[in-house]
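Geometric and topological summary
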Amino acid sequence: MSFLADDLSDDSAVNLFDKYRRVIPAKAKDESGTDSDSDSDLDSDADDDLEGIPLSHQFELAQGKHVNGVRYTHAGDRLLTATRDCALNTYVFQAMNPSKTTPHQSVTPYDTYDISKIDIGTEGTLVLPKDSAFKILSADGSVKDFRSGDRYIYDAKQTNGHTDAITDGQFLGKGKVVTSSNDSTFRVWDVASAKQEKVCVIKNNGKKVKVTSIHTTPTYIIASDSTDRITFWDINSSSFTRPAHTLQLSSPLVSLAVSTTDPSLIAIRDQNSLKLYSTTNPSTPIMQRLNLASVESPALLFQNNHIFAPTSKGLIIMDRSDLMTLTTIPIPSLITAIDWNQKTNQIAIGTKSGQIIILFDPSISKNGIMITLQNKPKKRALDSMDQLTTSTTTIGFNMEELAEFNRNKKKSKRVADD
């Protein structure tokens, strides 16, 4: 077990993490209301289907505000969160211990706007506010501002920047980023110059619509809009004159996720169901699960042939092959964000109440939160405390005396100058 400290044996490691073992209910019910052994599945046949997913243990970071986004760095050594108080928080696992899990750094890129979403790329951290301008924060502390456009220009293609609130965005790779907005557009930007390169205006029956989310595959930019429609645009197009495919949903879109193992597959969740589509021909679903009651959360993860979806009972994990529930992870508050880092094999969950829960398994996970749990709280050295006590006693000032001393010192200086 290479992730363990040198002075820990395997037995002591087991004892160390045992207190964080997840309590598994004897029996749970899935969203259709039928009995399911899904959460007593660690001793059931579902074990094989859940192999490789870190579910046995969990740890909760310090409570904060409503979480709008969670994202691991690529190495998994840090976790970034965006919260309702306009803060972008950075948790450094190496710098924390079990009794102190506050953010290592907390910044407010926008004074008055919530951060609606974050994404991490080689160029830095994409920080999207509920405003028409956005920023990218680099690792060296520099900030690139991407300006908003002129809202008085009617033709959205003729202005350099969004003219209404940004709704979504992500890195495209190769120094590019794409963002969507209520101004009926998505825009492709060059990170180095902080300028837009391409603009797509989305209309339905000749009328402008709000672009509510944006997702990408190696082939398409996938945009959803306020008319419950999803359009697929050739990612290499220079003009975005017309979509390659159009999919009209029968009910409002709740969330959409692209498979990390097969980008030609996407999962779409509406108000009453979850469906799988192929991007090569998205006219009809290749599989669907009906009567899956939705919750108002954009969180949806499609990774390693599993789909992770929030429900009123917590987080359900479905098998991609048949969309059946394999297990349910009880979460006491509405799940608002989720991310899974493959290098550390740990899952981070953000909630409406401000919880940040990390799922891990000591047998298959490494580093990340496990480093934090092995760190011992720092203790102040006794000799430094003695020095502090001695020096304070020697000086002997209370705050009123200190203020009086400073006043007399200034008065003496004025007399000397005269």
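Here goes a summary of the coordinates provided. (Residues numbered from 1 in each chain as written. Predicted model: local features only at pLDDT ≥ 70, side-chain atom pairs only at ≥ 80, totals over all residues. Heavy atoms only, no water.)

This paragraph deals with the overall build of the chain. The helix and strand inventory of the chain stands at four helices and 32 strands. The buried share of the chain, taken over its 418 residues, is 48%. Relative to all contacts within the chain whose residues are 6 or more apart in sequence, the contacts with residues 24 or more apart total 48%. Just so you have it, the chain exposes about 21,200 Å², and 49% of that area is on carbon and sulfur atoms. (Helix = DSSP H or I, 4+ residues; strand = E, 2+ residues; numbered from the N terminus. Buried < 20%, exposed > 50% of the residue type's maximum accessible area, 1.4 Å probe, protein only. Contact = heavy atoms within 4.5 Å. Areas by Shrake-Rupley, 256 points an atom, 1.4 Å probe, with all protein chains shown as cover.)

A word on the side chain of threonine 217. Position of threonine 217 among the secondary structure elements: in the loop between strand 18 (211-216) and strand 19 (220-225). When neighbours within four sequence positions are excluded, threonine 217 is seen to be in contact with Ile222, Ile235, Val258 and Pro263.

A word on the pairing of strand 6 (residues 88-92). Burial of strand 6 is extensive: five of the five residues sit out of reach of the surface. With burial as the criterion, each face of strand 6 is covered, one bearing Leu88, Thr90 and Val92 and the other bearing Asn89 and Tyr91. The pairing of strand 5 (residues 78-83) with strand 6 spans five bridges and is antiparallel. Looking at the pairing, leucine 79 lines up with tyrosine 91 of strand 6. Counted between consecutive antiparallel strands, the loop separating strand 5 from strand 6 contains four residues, among which cysteine 86 sits at a positive phi close to 70 degrees. Bridge count between strand 6 and strand 7 (residues 105-107): three bridges; the pairing is antiparallel. Residue pairing for strand 7: asparagine 89 is matched across the bridge by serine 106. (Pairing = 2+ DSSP bridges.)

What follows covers a negative patch on the surface. Side chains of Asp48, Asp49, Glu51 and Asp322 sit close together on the surface and give a patch of like negative charge. Checked against the element boundaries, aspartate 49 lands in the loop between strand 2 (35-36) and strand 3 (57-60). (Patch = residues over 30% accessible without salt bridge, like charges linked within 9 Å, V, L, I, M, F, W, Y side chains within 5 Å. Salt bridge = Lys/Arg side-chain N within 4 Å of Asp/Glu carboxyl O. Lys, Arg positive; Asp, Glu negative; His and termini not counted. Charge placed at Lys NZ, Arg CZ, Asp CG, Glu CD.)

Enumeration over the complete set of coordinates arrives at 11 aromatic pairs. The interplanar angle of 70 degrees and the centroid separation of 5.1 Å between the aromatic rings of phenylalanine 186 and phenylalanine 240 together place this pair among those described as edge-to-face. Taken as a pair, phenylalanine 186 in strand 14 (residues 185-190) and phenylalanine 240 in the loop between strand 20 (229-234) and strand 21 (245-248) lie far apart in primary sequence, 54 residues in all. Phenylalanine 186 gets classed as buried once you look at its relative accessible area, which sits at 0%. Residue placement shows lysine 208 over the ring face of tyrosine 154; its charged tip is 4.3 Å from the ring centre. (Phe/Tyr/Trp six-rings, centres within 6.5 Å; stacked < 30°, edge-to-face > 60°. Lys NZ or Arg CZ within 6 Å of the ring centre and 35° of its normal.)

Quick look at the sheet that holds strand 21 now. Ordered by their spatial adjacency, four strands build an open sheet running 18-19-20-21, and the pairing between neighbours is antiparallel. The open sheet terminates on both sides in strands that have one partner only, identified here as strand 18 and strand 21. Taking each pair of neighbouring strands and ignoring which way they run, the sheet shows an average axis angle of 20 degrees. Here strand 20 runs beside strand 21; their pairing, made up of four bridges, is antiparallel. The residue of strand 21 that forms the bridge with arginine 229 is glutamine 248. (Axes fitted to C-alpha atoms, helices over the stretch in contact; angles between N-to-C directions.)

On inspection of all chains with the given rule, the structure shows 10 salt bridges. As a salt-bridge pair, aspartate 18 and arginine 21 come within 3.6 Å of each other at their nearest N and O atoms. Residue aspartate 18 is classed as partly exposed on the basis of its relative accessible area of 42%. A relative accessible area of 46% means that arginine 21 is categorised as partly exposed. The salt bridge involving arginine 71 is made with aspartate 119; its shortest N-O contact spans 3.6 Å. Taken together, the residues arginine 71 in strand 4 (residues 67-72) and aspartate 119 in strand 8 (residues 115-121) connect sequence positions 48 residues apart. Since its relative accessible area comes to 11%, aspartate 119 is described here as buried. Where salt bridges share partners, they join Arg71, Asp119 and Asp339 into one cluster.

Moving on, we get to the sheet that holds strand 10 (residues 134-137). With antiparallel pairing, the four strands of this open sheet are ordered in space as 8-9-10-11. Only two strands of the sheet have a single neighbouring strand rather than two, namely strand 8 and strand 11 (143-146). The average undirected angle you get between the axes of adjacent strands in this sheet is 20 degrees. Direction of pairing for strand 8 relative to strand 9 (residues 124-129): antiparallel, over a ladder of six bridges. From the neighbouring strand, isoleucine 115 faces strand 9, where its bridge partner is proline 129.

On the secondary structure map, tyrosine 91 appears in strand 6. Between the alpha carbons of tyrosine 91 and isoleucine 369 there is a distance of 9.9 Å; along the sequence they are 278 residues apart. Once you skip the residues sitting within four places of it in the chain, tyrosine 91 turns out to touch Leu61, Ala62, Asp77, Arg78, Leu79, Thr81, Met96, Thr101, Thr102, Pro103, His104 and Ile356.

This part covers the environment of lysine 352. Mapped onto the fold, lysine 352 is located in the loop between strand 31 (346-351) and strand 32 (356-360). Spatially, the C-alpha atom of lysine 352 lies 9.4 Å from that of threonine 83, the residues being 269 residues apart in sequence. Other than its neighbours up to four places away in sequence, lysine 352 contacts His66, Ser333, Leu334 and Thr336.

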